[in-house]
Amino acid sequence: MSHRLGIDVGGTNTDVVLLNSDNEVVAKTKVAVTTDIVTGIRTAVAQVLDSSGINPAQITHAMLGTTQVTNAIIERSELNDVAIIRLGAPATRAVKPLAGWPEDLRERYAKYSWIVGGGHEFDGREIAPLDEEELQSIAHCVKGNVGAVAVTGVFSPVNTSHEERAARIFREVLGEDIPISLSYQLGSVGLLERENATVLNAAVSNVAKRATLSFQQALVDLDVYADLYLAQNDGTLMSVDYALLYPILTIACGPTNSMRGAAHLTGMANAVVVDVGGTSTDVGVLVNGFPRESFVAVDVGGVRTNFRMPDLYSLGLGGGSLVIEKGDDVTVGPKSVGYRIVQEGRAFGGSTTTFTDVVVALNKAKVGTHEVDVPHELADTAYKMAIQKVAEAVDRMKTSAKPVPLVLVGGGSVLLPNEFEGVSEVHRPENFDVANAIGAAIAQVSGRVDRIFAMDKKSRDEVLEEAKSIAFAEAIRAGADASTMEVVEVEEVPIAYLPGNAVRIKVTVAGTLASYHAESRVNSPDVRADANADY
Amino acid sequence: MKRLIHAEDIEYLALGATVLGTGGGGDPYIGALMAVQAIENHGPIELVSIDELDDDALVIPSAMMGAPTVMIEKMPSGDEPIQAFQQLEKFLGRKAAATVTIEAGGLNSTIPFVVAAELGIPVVDADGMGRAFPEIPMTTLHVGGILATPMMVVDEKGNSVLLSTKDNAWTEALSRNATITMGGSSMLALYSAEAKRMRNNLVHGTISKAIQIGKLLAKHEDTSVRLANLLKFVGGEELFRGKITDVMRRTVGGFARGTVSAEGLSKDEGAVCRLEFQNENLIAIRNGTPIATVPDLITVLDQETIRPITTEELRYGQRVVVIGIPCADVWRRPECLELVGPRYFGYDINFTPLDVPVSL
């Protein structure tokens, strides 16, 4: 029987689950995150192998959610130099690449940045022919000086040809090894934000490579030779090859894994999910089983980006949040003891009062090893304040005043009550504490399209059909089994002041990994057409 | 006293102009970055009152036209507004003494600063709407009988169109077509006139007002204090506080129209509010009764940050405060309401003035 590993490296814990082919949890564990990340993973995986008695050879897939890319950007560590190429001249010169970036990053990256002739109009016409000669000379100029290339063309979500041609030119000069990030693969309309995402993506390519290799090594050390996949921001998986090209898409996979896990564990496709960790609580929304996506520009390490990110409301509140009394005032969080809760929290014999201790003192949950003595009034005030914050966050994420079901996951969720205002029912599924690792393990692969289409020459149905078939093709490219693919989301946004009833259409599809069922693996276009016929 | 606009003022300007832009007026982020880059290259820009200019001084307004979606993707080269300006100067055979903004929107409030920085001329502290509107004739300059033409429409590729039209309605139609052919966005120089003609046909003090609004919103004060300060400063009122429960959008004749529904919170618990927009917010209806109508300003603010939300950004679940700000006096004249009142935009209701004293 084949088994799968789901691994989620969070801020506090590394969670690992082992699932059998019926998606049942065979073993699970939680270990503290180690500074090198990999040691913690190795320890945790060894533990689930040990406790389950499963032969490592039976593990066919390993799915990983990691915070390493996020950390690298926030800490500015291990980032590599990037050749930044914008295809858009003579347009777009009024705002140069890196505009609005934090000073330290801007200084570092400004050296290798160009705006080259090329790019397209909203309807696919060329703004200018691609300046191949200049691209050639830039390629020679950066050879040996940069670790990656980021190419962003104006309206590349409408017409990808210039970005792709530019990539070929760089490839010829710089060789096969250098990662080349293309913006149309990453973000949507909004040049600067998409370019920023592309540059960040290129900047973390070495981090991603090292991280992926060390994960692979950690598994190999334990005789696990599984296909490795990385969890990405929309709650789906990408192959290692794809993750090496687009590592930035892993940045918020932790909360999305939790939400996918919550959907799987409860069978609920539409609900609010509250994921309580050691330092923070993320509130997200499941729509048709997938995390709702954010529509606004998202700040990553001080840089404004527009690649797909989950719509989250994050609170500086978790099991390890410090409870501080200042005169009559009581605060809970955002400061936290994090993973040191097991040494420092009162419930574990330490001397620091945390949110966990308040809940234990009020007898609302049993956590830890020690009795906790906190003045009742202080505990009561702190608890009410914390719960109120969570309730407000839940309400914020709802789409109507109608009561919605709520799913509680994450290790710290035992601290929350069974009732919330505006909530129809509270679910605490079995294995809630490792929902994130389960979410990674059961994840599917996706395909998507986000482009501007003209609705005047074709019917709305024809245009939607076209968009869907592009998304299906993408999903198959990413490794999805065509027979299992489903449309997850369709969004249409009409665009002002453009002719031809221009509409921005976003379609996301998802399906099971084709390699789960090797015998039904399909690549033929005929099968894809069949899959389309359902829509 | 010489008043200089520095790079740090631009961010306030763009933020404040977005409040006056009533949900439209373009992306303030791109406009602000352009103006900041221009000031970094050429130094701060002088802001003058129109009264400081000689009667015969030529003033040429600068603006952009087109789809906000195009502007955030195909940003300008930065040369187009200068080209438009200088080509119009050449056609008129004289140099302009200053430029001025046509509308108080996030993007168009900043474009004249790009021109002024490059050419070393001042920007007039005024605009031609006191808010944002979607069409070229919807300006106080038009009301004052000034023709938008001769007008230059310029793209980043080096194309320019000189328009000479019989009236401003034709200008709207022809320039819009040129803009679409140019790729959906263009830069304009239009509505040129001597200072003595401009003087009575502008909304005065708009730039300094927008900067002040931006500063009020950027202050690290309690949100209710910030909101109160804003309302006091603009002479506006809070219309509704609630949560957006539905956003419906449709494209009609190239414009993004839509309807937003919101359910009341706190003091408005139990009430519902509907907003109709066409790029800009046009009408606010509370429990079936219109409480604010175009041309008065209706602006949606995020409840938590007290920052303006554009109509493109409106989403389910947002907690918002809807505020109303009285428009410039001129718009309340009957002949002007024909140009910019609810009926012009296709709503079968009369203009309902906000019942607060007009402060402009």
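Residues numbered from 1 in each chain as written. Chains lettered and ligands numbered in written order. Predicted model: local features only at pLDDT ≥ 70, side-chain atom pairs only at ≥ 80, totals over all residues. Heavy atoms only, no water.

Caption draft 1: Broad picture of the overall build of chain B. Summing up its helical and strand segments, chain B has 11 helices and 17 strands in all. Over its C-alpha atoms chain B spans a radius of gyration of 19 Å, differing by no more than 12% from the 21 Å that the globule rule assigns to 360 residues. Expressed along its principal axes, the backbone C-alpha trace of chain B runs to roughly 60 × 40 × 40 Å. The proportion of buried residues among the 360 residues of chain B is 64%. Restricting the contact set of chain B to residue pairs at least 6 apart, pairs at least 24 apart contribute 73%. When the 32 basic and 45 acidic side-chain charges of chain B are each reduced to a single mean position, those positions are 2 Å apart. (Helix = DSSP H or I, 4+ residues; strand = E, 2+ residues; numbered from the N terminus. Rg over C-alpha atoms; globule rule 2.2 N^0.38 Å. Buried < 20%, exposed > 50% of the residue type's maximum accessible area, 1.4 Å probe, protein only. Contact = heavy atoms within 4.5 Å. Lys, Arg positive; Asp, Glu negative; His and termini not counted. Charge placed at Lys NZ, Arg CZ, Asp CG, Glu CD.)

Caption draft 2: Spatial organisation of the overall build of chain A. Counting its regular elements, chain A contains 15 helices and 23 strands. On C-alpha atoms alone, chain A measures out to a radius of gyration of 24 Å, which is about the 24 Å that the 2.2 N^0.38 rule sets for 535 residues. Principal axes of the C-alpha set define a box for chain A whose edges measure 75 × 55 × 50 Å. The buried share of chain A, reckoned over its 535 residues, is 58%. Intrachain contacts of chain A at a sequence separation of at least 6 include 66% that bridge at least 24 residues. Of the accessible surface of chain A, which amounts to about 20800 Å², a share of 47% is contributed by carbon and sulfur atoms. Across chain A, the mean location of the 46 positive side-chain charges is 4 Å away from that of the 68 negative side-chain charges. (Areas by Shrake-Rupley, 256 points an atom, 1.4 Å probe, with all protein chains shown as cover.)

Caption draft 3: Focus on the side chain of Ser175(B). Residue and element names in this part refer to chain B. Note on placement: Ser175 falls in helix H7 (residues 168–181). Here Ser175 falls in the buried class, since its relative accessible area comes to 0%. From its side chain, Ser175 meets the backbone oxygen of Glu172 in a polar contact 3.3 Å long. With sequence-adjacent residues up to four places away left out, Ser175 is seen in contact with Met65, Ile136, Met151, Val153 and Leu163. (Polar contact = N/O pair within 3.5 Å; in protein donor to acceptor, adjacent residues only side chain to side chain.)

Caption draft 4: The arrangement of the packing of aromatic side chains in detail. Taken as a whole and judged by the stated rule, the model has five aromatic pairs over all chains. Centre to centre, the rings of Tyr242(A) and Tyr246(A) are 5.3 Å apart; their planes meet at 50°, and the pair counts as tilted. On the accessibility criterion, Tyr242(A) (16% relative accessible area) is buried. Judged by its relative accessible area of 3%, Tyr246(A) falls in the buried class. Over the aromatic face of Phe290(A) sits the side chain of Arg260(A), whose NZ or CZ is 4.1 Å from the ring centroid. Looking at Arg131(B), its charged tip hangs above the ring of Phe133(B), at a distance of 4.2 Å from the centre. (Phe/Tyr/Trp six-rings, centres within 6.5 Å; stacked < 30°, edge-to-face > 60°. Lys NZ or Arg CZ within 6 Å of the ring centre and 35° of its normal.)

Caption draft 5: Broad picture of a negative patch on the surface. Negative charge collects at one region of the surface, where Glu325(A), Asp328(A), Asp329(A) and Glu377(A) lie side by side. Considering the arrangement of structural elements, one finds Asp329(A) in strand S18 (residues 329–336). (Patch = residues over 30% accessible without salt bridge, like charges linked within 9 Å, V, L, I, M, F, W, Y side chains within 5 Å. Salt bridge = Lys/Arg side-chain N within 4 Å of Asp/Glu carboxyl O.)

Caption draft 6: Representation of the sheet that holds strand S7 (residues 148–153) of chain A in the model. Residue and element names in this part refer to chain A. Spatial ordering of the open sheet is given by S6-S5-S7-S8, a layout of four strands whose pairing is parallel. Here the strands that pair on one side only, and so sit at the sheet edges, are strand S6 (113–117) and strand S8 (180–182). Each strand of the sheet is rotated relative to its neighbour by a mean of 20°, with strand direction disregarded. With six bridges joining them, strand S5 (residues 82–89) and S7 adopt parallel strand pairing. Looking at S7, one finds that Val82 is bridged to Ala148. Of the strands in this sheet, S5 and S6 are in contact with helix H4 (residues 132–142), which crosses S6 at around 160°. (Pairing = 2+ DSSP bridges. Axes fitted to C-alpha atoms, helices over the stretch in contact; angles between N-to-C directions.)

Caption draft 7: Layout of the packing of helix H4 (residues 80–92) of chain B against helix H5 (residues 111–119) of chain B. All names here are of chain B. H5 packs onto H4 with a crossing angle of 70° between their chain directions and a minimal axis gap of 9 Å. With respect to H5, the element H4 is oriented roughly perpendicular. Residues Pro81, Ile82, Phe85 and Gln86 of H4 touch H5, and the partners they reach there are Ile111, Val114, Val115, Glu118 and Leu119. Residues that form the contact of H4 with H5 fall into these classes: seven nonpolar, one polar and one charged. (Parallel < 35°, antiparallel > 145°, perpendicular 65-115°, else oblique. Nonpolar A, V, L, I, M, F, W, Y, C, P; charged D, E, K, R; others polar.)

Caption draft 8: Region of interest: the environment of Asn288(A). All names here are of chain A. Relative to the assigned elements, Asn288 resides in the loop between strand S12 (281–287) and strand S13 (290–291). Owing to a relative accessible area of 46%, Asn288 belongs among the partly exposed residues under this scheme. Once the C-alpha coordinates of Asn288 and Pro255 are considered, the two residues, 33 residues apart in sequence, prove to be 16 Å apart. Setting aside residues up to four positions removed in sequence, Asn288 forms contacts with Ala269, Asn270 and Val488. Of the polar contacts made by the side chain of Asn288, one reaches the backbone oxygen of Val488; its length is 3.5 Å.

Caption draft 9: Region of interest: the interface of chain A and chain B. Taken together, the 45 residues of chain A in the interface contact 44 residues of chain B. For Asp395(A), the salt bridge identified is with Lys243(B), shortest N-O distance 3.8 Å. Counting every contact that joins chain A to chain B gives 19 residue pairs in polar contact (both at pLDDT 80 or more). Considering every element that reaches the side of chain A that touches chain B, the biggest residue donor is helix H6 (residues 191–203) of chain A, with four residues.

Caption draft 10: Summary view of the confidence of the model for chain A. Per-chain confidence: chain A averages 89 in pLDDT, with 95% of residues scoring 70 or above. Note that residues 518–535 of chain A has pLDDT below 50 and, in this model, 22 contacts with residues that lie over four places away or in other chains. (pLDDT = per-residue confidence, 0-100.)

Caption draft 11: Up close: the environment of Leu216(B). Residue and element names in this part refer to chain B. Counting through the fold element by element, Leu216 comes out in helix H9 (residues 206–218). The buried category is assigned to Leu216, whose relative accessible area is 10%. Counting along the chain gives 14 residues from Leu216 to Leu230, while the straight-line C-alpha distance between them is 6.4 Å.

Caption draft 12: Quick peek at the side chain of Ser413(A). Checked against the element boundaries, Ser413(A) lands in the loop between strand S19 (404–409) and strand S20 (423–427). Setting aside anything within four residues of it in sequence, one finds Ser413(A) in contact with Val276(A), Leu408(A), Arg428(A) and Phe432(A).

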